[in-house]
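# Residue-level structure breakdown
Each chain, written out:
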Amino acid sequence: AQSVTQLDSQVPVFEEAPVELRCNYSSSVSVYLFWYVQYPNQGLQLLLKYLSGSTLVESINGFEAEFNKSQTSFHLRKPSVHISDTAEYFCAVRSTRGAAGNKLTFGGGTRVLVKP
Amino acid sequence: NAGVTQTPKFRILKIGQSMTLQCTQDMNHNYMYWYRQDPGMGLKLIYYSVGAGITDKGEVPNGYNVSRSTTEDFPLRLELAAPSQTSVYFCASSRGQGGEQYFGPGTRLTVT
């Protein structure tokens, strides 16, 4: 079984400032890690994912996340946010093994509000 | 491709009523999922399916039923609606075990 904890439920941030969204997970097996973004009144979209290889992964819109196995973390960062980054962000994990690998376990979400 | 579509977008039910939330995908994905989203709780998996004719329970299946007669459709049935089922429901699909999950726009359900 897995669990995901997002330590901040809301993060207000000024435009062009940096932001970090924290995600920690617990799992008895190896996992894949994901960040999803949900813009207001929309479904979830995949932002980035870690499957293997380099522990630093990047998205096309300037976000990056680093997988830290020893700290079981996958924090999301952006050096300079835009108003359009206002959204809710979800961290998720999935087992790498067998039938259980179908299912995502989500954190509670972090709501980012970018202020001008 | 339309991707994953869900109907209706909004619905209000009275306690004890029943309804079916529709989900269709046109990407020929084998795997489909139903989640519910409650404030501060993230998404919880209700049911999933790995192919036509095969379904299995997720974390929170009580009060729901599903069927998967075709690859494209994965309806979610609520029998005897309860206030605890007030939530936003998302359907998702993926190509296979390792595939990215694509989400529909959601159905906002209120039970009063």
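First, a word on scope: everything that follows refers to the structure included in this document.

Conventions we followed
Residues numbered from 1 in each chain as written. Chains lettered and ligands numbered in written order. Predicted model: local features only at pLDDT ≥ 70, side-chain atom pairs only at ≥ 80, totals over all residues. Heavy atoms only, no water. Buried < 20%, exposed > 50% of the residue type's maximum accessible area, 1.4 Å probe, protein only. Helix = DSSP H or I, 4+ residues; strand = E, 2+ residues; numbered from the N terminus. Pairing = 2+ DSSP bridges. Salt bridge = Lys/Arg side-chain N within 4 Å of Asp/Glu carboxyl O. Axes fitted to C-alpha atoms, helices over the stretch in contact; angles between N-to-C directions.

Time to look at the pairing of strand 12 (residues 110-115) of chain A. Residues and elements named next belong to chain A. Residues Thr110, Val112 and Val114 of strand 12 are buried on one face, while the alternating residues Arg111, Leu113 and Lys115, pointing to the opposite face, are not. Note that strand 2 (residues 10-14) and strand 12 share five bridges and pair parallel. When the sheet's bridge partners are listed, Pro12 is paired in strand 12 with Leu113. As defined by bridge partners, strand 10 (residues 87-95) adjoins strand 12 across three bridges and the pair is classed as antiparallel. Looking across to strand 12, one finds that Tyr89 is bridged to Thr110.

What follows covers the pattern of salt bridges. All names here are of chain A. Within this structure, the stated rule accounts for six salt bridges over all chains. Across the pair Arg77 and Glu20 runs a salt bridge whose closest N-O atoms are separated by 2.8 Å. Here Arg77 is found in strand 9 (residues 73-78), whereas its partner Glu20 is found in strand 3 (residues 19-21), with 57 residues between them in sequence. Residue Arg77 is classed as partly exposed on the basis of its relative accessible area of 27%. Judged by its relative accessible area of 36%, Glu20 is partly exposed.

Residues and elements named next belong to chain B. Strand order in the open sheet formed by four strands is 1-3-8-7, with antiparallel pairing between adjacent strands. Looking at which strands have only one partner, the edges of the open sheet turn out to be strand 1 (4-7) and strand 7 (64-66). The mean inter-strand angle of the sheet, taken between neighbouring strand axes irrespective of direction, is 20°. Two strands pair when backbone bridges link them, and strand 7 and strand 8 (residues 76-78) are joined in this way by three bridges, in the antiparallel orientation. For Asn65, the partnering residue across the bridge sits in strand 8 and is Arg77.

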